[in-house]
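# Reading the structure
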Amino acid sequence: MDSKQLTDISYSVLDLATIAEGRTPPDTFRHSLEIARLTEQLGYKRYWFAEHHNMINVASSATAVLIGYIAAGTSSIRVGSGGIMLPNHAPLIVAEQFGTLASLYPDRIDLGLGRAPGSDQLTAKEIRGENFYAQHHFPQDVEKLQLFFSEDNSTGSVRAIPGEGLDIPIWILGSSTDSARLAAAMGLPYAFASHFAPTQFLTAIDLYRRNFRPSAHLKEPYVMACVNVVAADTDDEARRLFTSLQQFFIGVISGKRQLLQPPVDSMDGIWNIYEEEAVKQMLGYAFIGGTKKLKKDMQNFINKTGVDEVMATSHIFSHEAKMRSFELFAEVFK
């Protein structure tokens, strides 16, 4: 693998539209637009939202709507899904929605696809209705989407209007080797959720690269890693801000979710030993500190993984501190 430098790497944003204590979804959406405008100016390549449901602290459930909102308020940054949970939707509806977005904002829309529900099983049943019990065919549904976007479908009995004939990049998202095999077989770019599922990351991207088959969409394998980032002017301040994310993940593992909490001086008394160990395992790829530390840590990460792009997700309580974090993280790649 060729050695890459940070200046060779694209950097992007994953936004879960996290709702902080004392704020509302409208506040969160306004803040997302401010961050998107800032990151566009700072050279970030993409701004993605992830589909989640029935979570008190995550407001990105209507993912396509938010993509349109951000795309309308920016001018050049790519906007997309990280991802659309395809089993929740008919491929035709996804093709029409993203065809509409790509028609409104040409050459700026990405479609990242995942196979998980983005929710608990009870919520998934509400979303899917009787289809909850049907067998899902993720690879075939991805192929249906490709067909709907293809000009070759112009004589088909079912067509996506708008959508047909548009060049909308499709990404395979995943947190396991199953998704890596699919992305490799289909010759599509691969985005790995190492921000919460680090265990199979290295194995999955190695499998993807070794088994990649060039396609009309992509000639060489392309790997993007999503990681947690909390940057601040000092390492100590970054570590303090990081405690909001640690508290967030206690809710993930316990199922007792709460709005994003303010940072604390110490996590002692907030988590027990089992929660601490589980959170630290899930946050194995978290980059915390000032720019000097982040440059060193990120270069080591690139040396180890050879990824082509890094997507940062930042659960930071203060909007101003979050904006500053994205400013500092951009400096890492300069």
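Bear in mind the structure is a predicted one, so any value in this text is a computation, not a measurement.

Reading guide: rules and limits
Residues numbered from 1 in each chain as written. Predicted model: local features only at pLDDT ≥ 70, side-chain atom pairs only at ≥ 80, totals over all residues. Heavy atoms only, no water. Helix = DSSP H or I, 4+ residues; strand = E, 2+ residues; numbered from the N terminus. Buried < 20%, exposed > 50% of the residue type's maximum accessible area, 1.4 Å probe, protein only. Contact = heavy atoms within 4.5 Å. Areas by Shrake-Rupley, 256 points an atom, 1.4 Å probe, with all protein chains shown as cover. Lys, Arg positive; Asp, Glu negative; His and termini not counted. Charge placed at Lys NZ, Arg CZ, Asp CG, Glu CD. Phe/Tyr/Trp six-rings, centres within 6.5 Å; stacked < 30°, edge-to-face > 60°. Lys NZ or Arg CZ within 6 Å of the ring centre and 35° of its normal. Core = buried A, V, L, I, M, F, W, Y, C linked by side-chain atoms within 4.5 Å.

### Digging into the overall build of the protein
Looking only at helices and strands, one finds 11 helices and 9 strands in the protein. The buried share of the protein, reckoned over its 334 residues, is 57%. Within the protein, contacts between residues at least 6 apart in sequence are counted, and of these 74% link residues at least 24 apart. As displayed, the protein offers around 14900 Å² of accessible surface, 51% of which is attributable to carbon and sulfur atoms. In the protein, which carries 31 positive and 38 negative side-chain charges, the distance between the mean positions of the two groups comes to 3 Å.

### Examining the packing of aromatic side chains
Counted according to the given criterion, the structure contains 16 aromatic pairs. Summarising the aromatic geometry, the rings of Phe201 and Tyr285 are spaced 5.3 Å apart at their centres and angled 75° between planes, so their arrangement reads as edge-to-face. With Phe201 in helix 7 (residues 201-211) and Tyr285 in the loop between helix 9 (273-282) and strand 8 (286-289), this residue pair connects regions lying 84 residues apart in the sequence. The same class applies to Phe201 and to Tyr285, which are both buried. By way of ring pairs, the aromatic residues Tyr190, Phe192, Phe201, Tyr208, Phe212, Tyr285, Phe287 and Phe301 are connected into one cluster. The positively charged end of Arg23 is found above the aromatic ring belonging to Phe317, 5.1 Å away from the centroid.

### Here we look at the nonpolar core
Counting residues in each nonpolar core, the largest one holds 111 residues, and the members touching the most others are Phe98, Leu111, Phe301, Val310 and Phe329. Once you skip the residues sitting within four places of it in the chain, Phe329 turns out to touch Tyr44, Val229, Ala231, Leu294, Met298, Val310 and Ala312.

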